[in-house]
Amino acid sequence: MEATDPQEKAKLLARLTAEPGLCRTCLHLRLLATPRSVFVRCGLADTDPAFPKYPPLPVEACGGWSPHPLAPSPATPPVLPGRGGT
Ligand code: SF4
């Protein structure tokens, strides 16, 4: 199941066992939940193969990062162009 409601996303983010890094505040973040686990999926991977569908976490730099309008700004802005992940 993929979360779209901001409150549901916040609950799923709290269940992550790994820090997602920039993905946490990214417009392209997709969260997939199973009863046991939550997975971070990159929505940009659907249209751009340069981005991994399931990026290694934490993502510390990403050229695809776009701020989610409801998320706080990240402490460290993205610095590397192009590929997703670190
Ligand atoms: S990998 Fe990059 S583009 Fe994809 S969700 Fe994370 S920060 Fe956003």
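Residues numbered from 1 in each chain as written. Predicted model: local features only at pLDDT ≥ 70, side-chain atom pairs only at ≥ 80, totals over all residues.

Student: Quick question: what am I supposed to make of the overall build of the chain here?
Tutor: Helices and strands together make up the secondary structure of the chain, namely 1 helix and 2 strands. Here the chain holds 86 residues, and 23% of them are scored as buried. Within the chain, contacts between residues at least 6 apart in sequence are counted, and of these 54% link residues at least 24 apart. (Helix = DSSP H or I, 4+ residues; strand = E, 2+ residues; numbered from the N terminus. Buried ≥ 20, exposed ≤ 12 C-beta atoms within 10 Å, placed from the backbone. Contact = placed C-beta atoms within 7 Å.)

Student: How do you make sense of the site of the ligand when you look at a structure like this?
Tutor: Not every one of the 14 residues close to the ligand is listed here, only the nearest: Cys23, Cys26, Cys42, Cys62 and Gly64. Looking at side-chain class alone, the shell around the ligand contains 11 nonpolar, 3 polar and no charged residues. (Near = placed C-beta within 6 Å. Nonpolar A, V, L, I, M, F, W, Y, C, P; charged D, E, K, R; others polar.)

Student: When you look at unusual backbone geometry in this model, what are you seeing that I'm missing?
Tutor: Both trends apply: most residues other than glycine have a negative phi, and most peptide bonds are in trans. Cis geometry is found at the peptide bond from Leu57 to Pro58, where omega equals 0°. With respect to the helices and strands, the residue Pro58 is situated in the segment after strand 2 (38-42).

Student: Mind showing me how you'd approach the pairing of strand 2 here?
Tutor: As a general feature of sheets, a regular strand has side chains that alternate between the two faces. Of the strand pairs in this sheet, strand 1 (residues 29-33) and strand 2 are connected by 5 bridges, and their pairing is antiparallel. Each bridged residue has a counterpart across the sheet, and for Leu32 the counterpart in strand 2 is Phe39. Count of turn residues in the strand 1/strand 2 antiparallel hairpin: 4 residues. (Pairing = 2+ DSSP bridges.)

Student: What is the right way to look at the environment of Arg15 in this model?
Tutor: Within the element layout of this structure, Arg15 appears in helix 1 (residues 6-15). Residues Arg15 and Arg36, 21 residues apart in the sequence, show an inter-C-alpha distance of 9.6 Å.

Student: Can you help me understand the environment of Lys9 in this one?
Tutor: Checked against the element boundaries, Lys9 lands in helix 1. Judged by local crowding, Lys9 falls into the buried class, with 21 C-beta atoms found within 10 Å. Measuring from C-alpha to C-alpha, the distance between Lys9 and Ala33 comes to 9.9 Å, with 24 residues separating the pair along the chain. If sequence neighbours within four positions are ignored, Lys9 has contacts with Ala3 and Leu31.

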